[in-house]
Amino acid sequence: MTTTLGLPDTIQACLFDLDGVVTRTAVVHAAAWKETFDAFLREREGAGFRPFDTAGDYDEYVDGRPRADGVRTFLASRGIHPPEGDPNDPPDAATVHGLGNRKNELLLEKIRTDGVEAYEGTLRYLKAVRARGLRTAIVSSSANALDVLRSIGAEDLFEVRIDGVVAAERGLPGKPRPDTFLAAARDLGVEPSRAAVFEDALAGMDAGRAGHFGYVVGVDRVGQTDALYAHGADLVVKDLAELGGHA
């Protein structure tokens, strides 16, 4: 049986990804990654380099992953294995952490310039979820999640936050591993089988499936419905408003 929220009636908690589910920042992340990787590849390979693809490469290698993992995974797909470096490497360093810091610098610049926009359908759904007594958590690989939530006035919609900062403090591996989602369920005091995961990234689908969560909802913002199902979604929607729910 499903509830008026479009979820099985066994679900007691909802675990939401941030970028692409709550906020329209996935496209900003993709643009920052492209600028970072294209500059690196151009410097390494010259004018004939193969650019970073904000559709295929972004979805396959970096979307939803912790920043350093995104650098490693994408560059490995091109047969490139830069030195790890140090988390404090400057953004012009040709290391895993240097490239990650360059991407974050570009991302913050774009957010400061253009601001952050929330998906209104998600905010309405979140309020309905809360009104019906379900527990809520935000689960994001971003180290900037708290600032982004505050910028859209949504911090109070979540009881638990597991983001890049918390994951680093606790030593939690990121998506596609399920550890961050499992930590959110544990912090809420809910068994994974009674929690629903809401994700737009293929790595997030993999995490939901690996964690044996009660329900996995894929949010298709870019036309990848089939891929979301293939990676473990129980249901795919274009917007959370499709699930119903009115606060």
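Heads up: these notes are all about the structure in this document.

What counts, and where the lines are drawn
- Residues numbered from 1 in each chain as written.
- Predicted model: local features only at pLDDT ≥ 70, side-chain atom pairs only at ≥ 80, totals over all residues.
- Heavy atoms only, no water.
- 1 Å grid on protein atoms, 1.4 Å probe; cavity = no way out; pocket = protein on both sides within 12 Å on 5 of 7 lines; lining within 4 Å.
- Points joined across faces, edges and corners; volume = space filled by probe spheres on them.
- Helix = DSSP H or I, 4+ residues; strand = E, 2+ residues; numbered from the N terminus.
- Pairing = 2+ DSSP bridges.
- Axes fitted to C-alpha atoms, helices over the stretch in contact; angles between N-to-C directions.
- Contact = heavy atoms within 4.5 Å.
- Core = buried A, V, L, I, M, F, W, Y, C linked by side-chain atoms within 4.5 Å.
- Buried < 20%, exposed > 50% of the residue type's maximum accessible area, 1.4 Å probe, protein only.
- Parallel < 35°, antiparallel > 145°, perpendicular 65-115°, else oblique.
- Left-handed = near helix turned anticlockwise from the far one by under 90°.
- Nonpolar A, V, L, I, M, F, W, Y, C, P; charged D, E, K, R; others polar.

**Describing empty space enclosed by the protein**
Piece 1. One pass over the structure, following the stated rule, counts 2 cavities of 30 Å³ or more.
Piece 2. One number sums up the size of the largest cavity: a volume of about 210 Å³.
Piece 3. Lining the largest cavity are 19 residues, with Asp-19, His-29, Arg-65, Lys-103 and Ser-141 sitting closest to its centre.
Piece 4. Element by element, the count of residues in the lining of the largest cavity is highest for helix 4 (residues 96-114), at 3 residues.

**Considerations on the sheet that holds strand 6 (residues 235-237)**
Piece 1. The parallel open sheet is built from 6 strands, whose spatial order is 3-2-1-4-5-6. One side of each edge strand has no neighbouring strand; the edge strands of this open sheet are strand 3 (160-162) and strand 6. The sheet shows a mean angle of 20° between the axes of neighbouring strands, taken without regard to direction.
Piece 2. In the sheet, strand 4 (residues 195-199) pairs with strand 5 (residues 215-219) via 4 bridges, with the strands oriented parallel. In the sheet register, Phe-198 faces strand 5, and the bridge partner there is Val-217.
Piece 3. The strands touched by helix 9 (residues 202-210) within the sheet are strand 4 and strand 5, with strand 5 carrying the most contacts at an inclination of about 175°.

**A look at the nonpolar core**
Piece 1. Of all hydrophobic cores here, the largest spans 31 residues; its most connected members are Leu-7, Phe-16, Val-22, Tyr-125, Phe-198 and Leu-240.
Piece 2. The set of elements that each furnish at least two residues to this core consists of strand 1 (13-16), helix 5 (120-131), helix 6 (145-151), strand 4 and strand 5.
Piece 3. The biggest single contributor to this core is helix 5, with 5 residues.
Piece 4. Counting 19 residues, the second largest nonpolar core, distinct from the first, contains Leu-15, Val-160, Ala-167 and Phe-181.

**Brief notes about the packing of helix 1 (residues 26-45) against helix 4**
Piece 1. The geometry of helix 1 relative to helix 4 is characterised by a closest axis approach of 9 Å and an angle of 135° between their N-to-C directions. If you check the angle between helix 1 and helix 4, you find them oblique. Both helix 1 and helix 4 take part in a crossing whose hand is right-handed. Residues Val-28, His-29, Ala-31, Ala-32, Trp-33, Glu-35, Thr-36 and Phe-40 of helix 1 form the contact with helix 4, whose own contacting residues are Leu-99, Arg-102, Lys-103, Leu-106, Leu-107 and Lys-110.
Piece 2. For the contact of helix 1 with helix 4, the per-class residue count stands at 8 nonpolar, 2 polar and 4 charged.

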